[in-house]
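Geometric and topological summary
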Amino acid sequence: MATLQPVIHSLLETDLYKFTMWQAMLHRHPQTQAEYVFICRNARDYPLTHLIGEINEQLDHLCSLRFQPDELAYLRGLRFIKTDFVDFLRIFQFQRDFIEVRDNAGTLEIVARGPQVHVMAFEIHVLAIVNELYFRRVDQSAAIAEGRRRLADKVQLLRSFGREPRRRNPFEFFDFGVRRRFSAAWQDEVVATFAREVPEFFKGTSNVQLARQHGLVPIGTMAHEYLQTFQATGVQLKGFQK
């Protein structure tokens with residue numbers, strides 16, 4: 001029997017805006033029920049339904065994880081995270097009953113349904129799981145070699161740009177790659193490389209775990225699900241900022 005190679009190792013391994021939206025939903029609409037459905041819009045080299053058994057194993061693992069004391073302390077140190085939200089996360093654990101994986105006539109379906117303050121946090125983890133399981137089926141050595149070549153080219157491009165006359169407005173960029181990454185290890189390598197080689201341009205990452213690990217700024221505000229939720233609960237556009 002093969003040993004499970006987890007895709008997700010920490011519940012911090014998600015986009016920062018999941019935490020900011022999550023906190024707002026807990027404070028304003030904790031009773032809301034929601035449904036999230038996975039949809040892949042791209043053409044694929046092989047059917048995603050072939051991944052169902054492994055996805056279920058990864059979800060079982062995800063639902064065994066808890067926020068650790070040092071992770072909670074890190075979140076508590078972010079100026080916009082409230083103490084009561086950290087207390088909520090202290091007792092939080094994903095419930096397997098709230099998420100289902102199935103084959104719908106040859107199409108992979110993953111449905112998370114239940115209290116929104118619970119199921120909304122599945123999204124980024126699920127996308128990272130599907131992506132990494134998919135890409136584990138390609139030639140890893142060739143893919144990493146090509147990735148490193150392209151990464152080195154980008155670093156050189158940035159260094160060349162840095163030697164040009166200074167612009168009125170600085171060029172800075174951030175990583176938002178959790179849901180689209182080739183693998184957790186590759187995202188870590190990319191973020192670490194940019195942070196080490198071009199810190200004058202690279203200013204942070206949406207991946208809270210990597211931000212913590214590499215001493216970077218975790219970045220992100222909200223996603224369209226936040227506005228859609230408030231629209232569904234009757235909040236007018238003028239009240240969104242409040």
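For the structure, see preceding data.
First, a word on scope: everything that follows refers to the structure included in this document. (Residues numbered from 1 in each chain as written. Predicted model: local features only at pLDDT ≥ 70, side-chain atom pairs only at ≥ 80, totals over all residues. Heavy atoms only, no water.)

Attention now moves to the sheet that holds strand S4 (residues 173–175). One open sheet accounts for three strands, arranged S4-S5-S6; its pairing is parallel. Edge positions in the sheet fall to S4 and strand S6 (217–218), since each of these pairs with one other strand and no more. Taken together, the two bridges between strand S5 (residues 202–205) and S6 define a ladder with parallel strand orientation. Within the sheet, the bridge partner assigned to Thr205 lies in S6 and is Pro218. (Pairing = 2+ DSSP bridges. Helix = DSSP H or I, 4+ residues; strand = E, 2+ residues; numbered from the N terminus.)

Okay, the pattern of salt bridges next. Enumeration according to the criterion identifies 20 salt bridges in this entry. In this structure, Asp15 engages Arg179 in a salt bridge whose closest nitrogen and oxygen atoms are separated by 3.4 Å. With Asp15 in the segment before helix H1 (16–28) and Arg179 in the loop between S4 and helix H8 (184–197), the pair connects residues that are 164 residues apart, well separated along the chain. One exposure class covers both Asp15 and Arg179, and it is buried. Taking the shortest distance from any N to any O, the salt bridge between Arg148 and Glu189 comes out at 2.7 Å. Here Glu189 lies in helix H8 and Arg148 lies in helix H7 (residues 140–162), a separation of 41 residues in the sequence. Counted as one network, the salt bridges with shared partners bring together Asp15, Lys18, Glu123, Arg179 and Glu225. (Salt bridge = Lys/Arg side-chain N within 4 Å of Asp/Glu carboxyl O. Buried < 20%, exposed > 50% of the residue type's maximum accessible area, 1.4 Å probe, protein only.)

A few words on the packing of helix H2 (residues 52–62) against helix H6 (residues 122–135). Between H2 and H6, whose axes approach to 10 Å, the crossing angle comes to 140 degrees. Relative to H6, the element H2 lies oblique. Judged by the sense of rotation from one axis to the other, the crossing of H2 with H6 is right-handed. On H6, the residues that touch Glu54, Ile55, Gln58, Leu59 and Leu62 of H2 are Phe122, His125, Val126, Ile129, Val130 and Leu133. Its residues assigned to classes, the contact of H2 with H6 comprises eight nonpolar, two polar and one charged. (Axes fitted to C-alpha atoms, helices over the stretch in contact; angles between N-to-C directions. Parallel < 35°, antiparallel > 145°, perpendicular 65-115°, else oblique. Left-handed = near helix turned anticlockwise from the far one by under 90°. Contact = heavy atoms within 4.5 Å. Nonpolar A, V, L, I, M, F, W, Y, C, P; charged D, E, K, R; others polar.)

Counting 72 residues, the largest nonpolar core has Phe19, Trp22 and Phe67 as the members making the most contacts within it. For this core, the element with the highest residue contribution is H1, accounting for eight residues. (Core = buried A, V, L, I, M, F, W, Y, C linked by side-chain atoms within 4.5 Å.)

Along the chain, the position of Gln209 falls in helix H9 (residues 208–214). By relative accessible area, Gln209 is classed as buried at 19%. Residues in contact with Gln209, not counting those within four places in the same chain, are Ser10, Leu12, Glu13 and Glu71.

Now for the pairing of strand S1 (residues 33–37). Judged by which residues are buried, S1 turns out to be one-sided: Ala34 and Tyr36 face inward and are buried, whereas Gln33, Glu35 and Val37, on the alternate face, are not. Pairing geometry for S1 and strand S3 (residues 107–115), over five bridges, is antiparallel. Its bridge partner being in S3, Ala34 is matched across the sheet by Gly114.

With that settled, the discussion passes to H7. Across its 23 residues, H7 extends 33 Å between first and last C-alpha, which sits within 8% of the 33 Å expected from 1.5 Å per residue. Buried within H7 are the following residues: Ile144, Gly147, Leu151, Val155 and Leu158. In this structure, the buried residues of H7 make contact with S4 and H8. One side-chain oxygen of the residue at the start of H7 lies 3.1 Å from the amide nitrogen of Ser141, identifying that residue as Asp139. (Expected span 1.5 Å × (residues − 1). Polar contact = N/O pair within 3.5 Å; in protein donor to acceptor, adjacent residues only side chain to side chain.)

Nothing here speaks to function; it is geometry throughout.
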